[in-house]
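Structural overview
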Amino acid sequence: MFRVINNITQLCVNNSLKRILQQENGILMVIQGTRNLSSRADNDKFSLKHEEVGRPLYFDAQATTPMDPRVLDAMLPYLVSYHGNPHSRTHTYGWESEAAVEKAREQVANLIGADPKEIIFTSGATESNNISVKGVAHFYAPRKKHIVTTQIEHKCVLDSCRALEGEGFKITYLPVGPNGIINLQQLEEALTPETSLVSIMTVNNEIGVKQPIADIGAICKSKKVFFHTDAAQALGKIPLDVNKMNIDLMSISGHKIYGPKGVGALFIRRRPRVRVEPIQSGGGQERGMRSGTVPTPLVVGLGAACELAQREMKYDHAWMENLSQRFLDKIYSKLSHVIRNGDPEQTYPGCVNLSFAYVEGESLLMALKDVALSSGSACTSASLEPSYVLRAIGTDEDLAHSSIRFGLGRFTTEEEVDYTAEKTIRHVERLRDMSPLWEMVQEGVDIKTIQWSQH
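Residues numbered from 1 in each chain as written. Predicted model: local features only at pLDDT ≥ 70, side-chain atom pairs only at ≥ 80, totals over all residues. Heavy atoms only, no water.

Focus: helix 6 (residues 213-222)
Those residues of helix 6 that sit buried are Ile-213, Ile-216, Gly-217, Ile-219 and Cys-220. One face of helix 6 carries all of its buried residues, which in axial projection span an arc of 160 degrees. Along helix 6, the residues that are exposed and aim more than 90 degrees away from the buried face are Lys-221 and Ser-222. Buried residues belonging to helix 6 abut helix 5 (184-190), strand 9 (195-199) and strand 10 (226-230). Backbone geometry just downstream of helix 6 places Lys-224 in the positive-phi region, at approximately 60 degrees. (Buried < 20%, exposed > 50% of the residue type's maximum accessible area, 1.4 Å probe, protein only. Helix = DSSP H or I, 4+ residues; strand = E, 2+ residues; numbered from the N terminus. Arc of directions from axis to C-beta. Contact = heavy atoms within 4.5 Å.)

Structure representation (structure tokens):
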């Protein structure tokens, strides 16, 4: 078996190509490096491909991203040599790890325009969201017992709000339009003197829609309400500045930005100070807001991933635009009755959610078994119910069941996009040919006017 890794940065020196053969666990690893030259040195770009016989192409970047090998390089010393506890203050091992953690804290802060002291390390965006929603709610109760969110938030935010409802808090779940974007007037009208927090995600994890975060932040600031955003799908992909956008709390995840799994961060504004009640008790680490030993290797990886994202964001975004447009052009040129879910303009291009009318989504997923795809959020993939996000934007149930999310990433190639598009077209055509509904549509019958009888 061969595993091929193309275009590793460190292998390219003076524009020359090197090949390294390494025997590891009985598997021959072939590493190849090439350099894509451009007119400016800072635009030099390296891409990574990891191909293994029998494994599908990866098109599920919203669920998780592969770790960038440069992130692994940064982590390795702290997995092996520098193994000290960063909270041990009496010897070199602890000091080394503490210095690495503080460097990572600064790298995360720089990506969002924050002060390093405002960054709290957590296990991921789910924990950060729980701390934000429950922590603010509990600290400012009973004087303020109202929270505003939307119907298309991540499951962990919605479930946190439902848990608070059981404690007597009032939650307003704002609807969104057919394009997936909230109405700012409705948001402003929902705020009351009892509102302690507004929690609205930056980029939706299922349809990729971008909310007007800066406008939301301005409204919350004018009403003296704290504003929290789940930025797991936006961090490192679009520019974010917590001060310009008036964001008070921001949730961050490592494995969505080509970093390690099991680590994340929470931005908590210091001025004006946001107070949260901790949801975990322990030794008082991370300013008492998230007790527990900070995992140095994971934090170092998160910091490295943030630094890479800051440096390569412009290039990565342009690459996503190129790939998504290439994919959509191929799909639309061959297939009719294909609907893109969410606003086509205010969206992150790396998330393409399509509904293929008169095709069962699960059947299409099974047909595309050599491409790793999703019909929605990884956190709700065990459910057979149609996506609550698609239902919230008014998608008909049959179209919701026919939706597929194509998640493009930093290492996705044009060849992979072409292959996936062509195979999708072929199987949609095949499945439609088997559908009596599609036959009726071809004959000009309006399906929605049919009165179906039950037997």
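Some points on the side chain of Thr-64
Locating Thr-64 in the fold gives a position in the loop between strand 5 (57-58) and helix 1 (69-80). Looking at Thr-64, the relative accessible area reads 16%, which means it is buried. With residues near it in sequence (within four places) discarded, Thr-64 still touches Tyr-58, His-255, Lys-256 and Lys-261.

What about a positive patch on the surface?
Taken together, the side chains of Lys-117, Arg-270, Arg-271, Arg-273, Arg-275 and Arg-287 define a basic patch exposed on the protein surface. Within the secondary structure, Lys-117 is located in the loop between helix 2 (92-112) and strand 6 (119-122). (Patch = residues over 30% accessible without salt bridge, like charges linked within 9 Å, V, L, I, M, F, W, Y side chains within 5 Å. Areas by Shrake-Rupley, 256 points an atom, 1.4 Å probe, with all protein chains shown as cover. Salt bridge = Lys/Arg side-chain N within 4 Å of Asp/Glu carboxyl O. Lys, Arg positive; Asp, Glu negative; His and termini not counted. Charge placed at Lys NZ, Arg CZ, Asp CG, Glu CD.)

Observations concerning the pattern of salt bridges
Taken as a whole and assessed by the stated rule, the structure comprises 17 salt bridges. Between Arg-89 and Glu-98 there is a salt bridge, with its nearest N and O atoms 3.5 Å apart. With relative accessibility at 52%, the residue Arg-89 sits in the exposed group. The partly exposed category is assigned to Glu-98, whose relative accessible area is 23%. The salt bridge partner of Arg-326 is Glu-414, with a shortest N-O separation of 3.7 Å. Of this pair, Arg-326 sits in helix 7 (residues 296-334) while Glu-414 is found in helix 11 (residues 414-433), placing the two residues 88 residues apart along the sequence.

Some remarks on the side chain of Thr-195
Within the fold, Thr-195 resides in strand 9. A relative accessible area of 0% means that Thr-195 is categorised as buried. When sequence neighbours within four positions are dropped, the list of residues in contact with Thr-195 reads Lys-144, His-146, Val-148, Ala-190 and Val-225.

A closer look at the packing of aromatic side chains
Summed over all chains, the structure comprises seven aromatic pairs. Judged by centre distance (5.4 Å) and plane angle (40 degrees), the rings of Tyr-78 and Tyr-82 are tilted. According to the relative accessible area criterion, Tyr-82 is partly exposed, its value standing at 35%. Geometrically, the ring pair formed by Tyr-140 and Phe-226 is tilted, given 5.3 Å between the ring centres and 55 degrees between the ring planes. One end of the pair, Tyr-140, is in helix 3 (residues 125-140); the other, Phe-226, is in strand 10, with 86 residues separating them in the sequence. (Phe/Tyr/Trp six-rings, centres within 6.5 Å; stacked < 30°, edge-to-face > 60°.)

Regarding the sheet that holds strand 13 (residues 338-340)
One open sheet accounts for three strands, arranged 13-14-16; its pairing is antiparallel. Since the sheet does not close on itself, it has two edges, and those belong to strand 13 and strand 16 (403-407), each with one partner. With direction set aside, neighbouring strand axes in the sheet form an average angle of 30 degrees. Judged from the five bridges that link them, strand 14 (residues 351-356) and strand 16 form a sheet pairing that is antiparallel. Across the sheet, Leu-354 pairs through a bridge with Ile-404, a residue of strand 16. Across the sheet, helix 11 lies against strand 13, strand 14 and strand 16, angled at about 20 degrees from strand 14, the strand it touches most. (Pairing = 2+ DSSP bridges. Axes fitted to C-alpha atoms, helices over the stretch in contact; angles between N-to-C directions.)

Observations concerning the packing of helix 2 against helix 7
Between helix 2 and helix 7, the least distance of the axes is 8 Å, while the angle of their chain directions is 30 degrees. By the criterion of interaxial angle, the relationship of helix 2 to helix 7 is roughly parallel. Judged by the sense of rotation from one axis to the other, the crossing of helix 2 with helix 7 is left-handed. Seen from helix 2, the contacting residues are Ser-97, Ala-100, Val-101, Ala-104, Gln-107, Val-108, Asn-110 and Leu-111; seen from helix 7, they are Thr-296, Val-299, Val-300, Leu-302, Gly-303, Ala-304, Cys-306, Glu-307, Ala-309, Gln-310 and Met-313. Grouping the amino acids of the contact of helix 2 with helix 7 by side-chain chemistry returns 12 nonpolar, six polar and one charged. (Parallel < 35°, antiparallel > 145°, perpendicular 65-115°, else oblique. Left-handed = near helix turned anticlockwise from the far one by under 90°. Nonpolar A, V, L, I, M, F, W, Y, C, P; charged D, E, K, R; others polar.)

Structural notes on the sheet that holds strand 9
Read across the sheet, seven strands follow the order 6-12-11-10-9-7-8 without closing on themselves; strand pairing throughout is mixed. Among the strands making up the open sheet, the edge pair consists of strand 6 and strand 8 (170-174). Averaged over all pairs of adjacent strands, the angle between strand axes in this sheet comes to 20 degrees, irrespective of strand direction. Alignment of strand 7 (residues 146-150) against strand 9, held across three bridges, turns out to be parallel. Bridge assignment links Val-148 to a residue of strand 9, and that residue is Val-198. Packing of helix 3 onto the sheet brings it into contact with strand 6, strand 7, strand 9, strand 10, strand 11 (249-253) and strand 12 (264-268), and relative to strand 11 it is tilted by some 160 degrees.

Re the environment of Val-71
Position of Val-71 relative to the elements: it lies in helix 1. Aside from chain neighbours lying at most four places away, what touches Val-71 is Tyr-258, Gly-259, Pro-260, Gly-301, Ala-304, Ala-305 and Leu-308.

Some words on the packing of helix 7 against helix 11
Across the interface, helix 7 lies against helix 11 with an axial gap of 9 Å and an inter-helix angle of 25 degrees. Considering the angle they form, helix 7 stands roughly parallel to helix 11. Classified by chirality, the crossing of helix 11 by helix 7 is right-handed. Contacts from Trp-319, Asn-322, Leu-323, Arg-326, Phe-327, Lys-330, Ile-331 and Lys-334 in helix 7 reach Glu-414, Val-417, Asp-418, Thr-420, Ala-421, Glu-422, Thr-424, Ile-425 and Glu-429 in helix 11.

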